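Take a look at the letters that make up each chain.
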Amino acid sequence: KYSQDDLMKAILSLKTEEECKKFFDDLCTYQELEKMAQRLEAAKLLLEGNTYEQVIEKTKISSTTLSRVSRCIRYGEGGYKNVIEKIK
């Protein structure tokens, strides 16, 4: 049985953007990938100082999901901020 740790190792084993795209296209539905991208965009906008209203307007994210993203930014492990800084 694969664990979450195994999933993280699998992701870390990918070397190119093309490998990542192929893996995530197989692993996730189109909607799941869109929702993850939407969360990343919302996190970026929050970190830039946008209000909840502005983020919802720009991303069409639900207020419930935005609240979760915001909690992760404030109290989480710093994953959103780390990734956003790396892809700038």
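Attention in this report is confined to the structure presented alongside it. (Residues numbered from 1 in each chain as written. Predicted model: local features only at pLDDT ≥ 70, side-chain atom pairs only at ≥ 80, totals over all residues. Heavy atoms only, no water.)

**Focus: the packing of helix 4 (residues 52–59) against helix 5 (residues 63–75)**
Think of two packed helices as two axes; the pair is described by the angle between the axes and how far apart they sit. Worth spelling out the cut-off: Comment: axis = line fitted to C-alpha atoms, over the contacting stretch for helices; angle = value between 0 and 180 degrees taken between N-to-C directions. Working definition: helices are DSSP H or I runs of at least four residues, strands are E runs of at least two. Numbering for both runs from the N terminus. Roughly parallel here means an angle under 35 degrees, roughly antiparallel means over 145, roughly perpendicular means 65 to 115, and every remaining angle is called oblique. Crossing handedness: left-handed means the near helix sits turned counterclockwise from the far one by under a right angle, and right-handed means the same turn made clockwise. We call two residues in contact whenever any of their non-hydrogen atoms come within 4.5 Å of each other. Each residue receives one of three labels: charged for Asp, Glu, Lys and Arg, nonpolar for Ala, Val, Leu, Ile, Met, Phe, Trp, Tyr, Cys and Pro, and polar for the others, Gly being one of them.
As a packed pair, helix 4 and helix 5 sit with axes 11 Å apart at the nearest point and diverge in direction by 120 degrees. Our classification of the angle between helix 4 and helix 5 gives oblique. Helix 5 is crossed by helix 4, and the crossing has right-handed handedness. The segment helix 4 lies against helix 5, with Tyr52, Val55 and Ile56 engaging Ser63, Leu66, Ser67, Ser70 and Arg74. Considered class by class, the residues forming the contact of helix 4 with helix 5 number 4 nonpolar, 3 polar and 1 charged.

**Concerning the packing of helix 3 (residues 30–47) against helix 5**
Contact pair helix 3 / helix 5: the axes reach a minimum separation of 10 Å and the direction vectors enclose 60 degrees. By the criterion of interaxial angle, the relationship of helix 3 to helix 5 is oblique. Seen from above, helix 3 lies across helix 5 with right-handed handedness. Judged by residue contacts, Arg39, Ala42, Ala43, Leu46 and Leu47 of helix 3 engage Thr65, Leu66, Val69, Ser70 and Ile73 from helix 5. Within the contact of helix 3 with helix 5, the residues separate by chemical class into 7 nonpolar, 2 polar and 1 charged.

**Overview of the side chain of Thr59**
As a reminder, the rule being used: Accessible area is worked out with a 1.4 Å probe on protein chains only. A residue is then buried under 20% of its type maximum, exposed over 50%, and partly exposed in between. For this analysis, a polar contact is any N or O atom pair within 3.5 Å, provided that within protein one partner can donate a hydrogen and the other can accept it, and provided that sequence-adjacent residues contribute only side-chain to side-chain pairs.
In this fold, Thr59 is placed in helix 4. When its relative accessible area of 12% is taken as the criterion, Thr59 is described as buried. A distance of 2.7 Å separates a polar side-chain atom of Thr59 from the backbone oxygen of Val55. If sequence neighbours within four positions are ignored, Thr59 has contacts with Gln38, Glu41, Ala42 and Leu45.

**Quick word on a nonpolar patch on the surface**
Filter applied, for reference: Candidate patch residues must exceed 30% relative accessible area and have no salt bridge, after which like charges are joined if within 9 Å and Val, Leu, Ile, Met, Phe, Trp or Tyr side chains if within 5 Å. For accessible areas, the Shrake-Rupley method is used with a probe of radius 1.4 Å. Any residue's cover is judged against the shown protein chains and nothing else. Criterion for a salt bridge: a side-chain nitrogen of Lys or Arg within 4 Å of a carboxyl oxygen of Asp or Glu.
Together, Leu7, Met8 and Leu27 make up a nonpolar patch on the protein surface, roughly 250 Å² of accessible area in all. Among the structural elements, Leu27 can be located in helix 2 (residues 17–27).

**Description of the environment of Ile73**
Note on placement: Ile73 falls in helix 5. In this structure Ile73 comes out as partly exposed when scored by relative accessible area, which is 27%. For Ile73 and Ala43, which are 30 residues apart along the polypeptide, the C-alpha to C-alpha distance reads 7.3 Å.

**Considerations on the environment of Lys44**
In this structure, Lys44 sits in helix 3. Residue class for Lys44 comes out partly exposed when judged on its relative accessible area of 28%.

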